[in-house]
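Residues per chain, in single letters:
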Amino acid sequence: MAVERTLSIVKPDGVRTNVIGEVFKRFESAGLQIVAARMTSLTKAQAQAFYAVHRERPFFDSLTTFMSSGPIVASVLEGEDAINRNRELMGATNPAEAAPGTIRKEYASSVEQNIVHGSDAPETAREEIGFFFSHADLVQGVRT
Ligand code: CMP
């Protein structure tokens, strides 16, 4: 199985409800390594750019208002099959449909305010990592 990198975001609801550590602990317990991490916040325009693929969706304005409503924590996770494994740890987009024990089932309050974002494919992972991190930010040679 290939070693991959994927972008994770703890969204403003996750920062507000104090579960950054809980989310990171799940990544680490699953064997994913955090090779870059940064607390930051998005302007509305930056949130619109990040979620541009959803610009025609009815929830786009509300989503980008939410994503620019407070600090977020962006991180890069590395490991075998990291993209899919992170998606499994997060659970379904809608917490009502998420499997028991997943991050969204445990902590999320709605389909919009769903605590975490994770890249959905290798190409989006590359783009999304580049949105938040430069090459120099990514730790090299962490894996033993
Ligand atoms: P995320 O995995 O970050 O990808 C797109 C985001 O849009 C998603 O998580 C949710 O925060 C949001 N989203 C997806 N579907 C809906 C919906 N039906 N209503 C409101 N927000 C949604």
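Use the structure listed above.
Conventions we followed
Residues numbered from 1 in each chain as written. Predicted model: local features only at pLDDT ≥ 70, side-chain atom pairs only at ≥ 80, totals over all residues. Heavy atoms only, no water. Helix = DSSP H or I, 4+ residues; strand = E, 2+ residues; numbered from the N terminus. Rg over C-alpha atoms; globule rule 2.2 N^0.38 Å. Buried < 20%, exposed > 50% of the residue type's maximum accessible area, 1.4 Å probe, protein only. Contact = heavy atoms within 4.5 Å. Areas by Shrake-Rupley, 256 points an atom, 1.4 Å probe, with all protein chains shown as cover. Phe/Tyr/Trp six-rings, centres within 6.5 Å; stacked < 30°, edge-to-face > 60°. Core = buried A, V, L, I, M, F, W, Y, C linked by side-chain atoms within 4.5 Å. 1 Å grid on protein atoms, 1.4 Å probe; cavity = no way out; pocket = protein on both sides within 12 Å on 5 of 7 lines; lining within 4 Å. Points joined across faces, edges and corners; volume = space filled by probe spheres on them. Nonpolar A, V, L, I, M, F, W, Y, C, P; charged D, E, K, R; others polar.

**Let's talk about the overall build of the protein**
- Broken down by element type, the protein carries seven helices and four strands.
- Moving toward the C terminus, one meets the helices and strands of the protein in the order β-α-α-β-α-α-β-α-α-β-α.
- Relative to the compact-globule value of 15 Å for 144 residues, the protein shows a C-alpha radius of gyration of 14 Å, a close match.
- With the principal axes as the frame, the protein shows a C-alpha extent of 45 × 35 × 25 Å.
- Across the 144 residues that make up the protein, the buried fraction comes to 42%.
- Across the protein, every contact between residues at least 6 apart in sequence was considered, and the portion connecting residues at least 24 apart equals 77%.
- As displayed, the protein has an accessible area near 7400 Å², and 51% of this comes from carbon and sulfur atoms.

**Re the packing of aromatic side chains**
- One pass over the structure, following the stated rule, counts five aromatic pairs.
- Measuring from ring centre to ring centre gives 5.2 Å for F50 and F131, while their planes differ by 70°; the resulting arrangement is edge-to-face. Here F131 lies in helix α7 (residues 122–132) and F50 lies in helix α3 (residues 44–50), a separation of 81 residues in the sequence.
- Among the aromatic residues, ring-to-ring pairing joins F50, Y51, F131 and F132 into one connected group.

**Concerning the nonpolar core**
- L7, I9, M67, V76, F132 and F133 are the most contacted members of the largest nonpolar core, which totals 19 residues.
- Contributing elements (two or more residues each) for this core: β1 (3–10), β2 (33–40), α3, α4 (60–67), β3 (72–80) and α7.
- The element best represented in this core is α4, accounting for four residues.
- Leaving out residues up to four positions away in the same chain, F132 has contacts with L7, I9, R38, T40, L42, F50, I72 and A74.
- The next biggest cluster of nonpolar side chains, apart from the first, holds 15 residues, and it includes V19, V23, A82 and I103.

**With respect to the layout of surface pockets**
- Counted as a void, the largest pocket has a volume near 740 Å³.
- Along the walls of the largest pocket sit 28 residues, with Y51, V53, H54, H117 and D120 positioned nearest its centre.
- Residue assignment for the lining of the largest pocket shows that the elements contributing at least two residues are α3, α5 (82–90), β4 (116–118) and α7.
- In terms of residue class, the lining of the largest pocket is built from 12 nonpolar, eight polar and eight charged.
- For the second largest pocket, the calculated volume is near 160 Å³.
- Every element with two or more residues in the lining of the second largest pocket is listed here: β1 and α7.
- Looking at which element gives the most residues to the lining of the second largest pocket, the answer is α7, with four residues.
- Its residues assigned to classes, the lining of the second largest pocket comprises five nonpolar, no polar and three charged.

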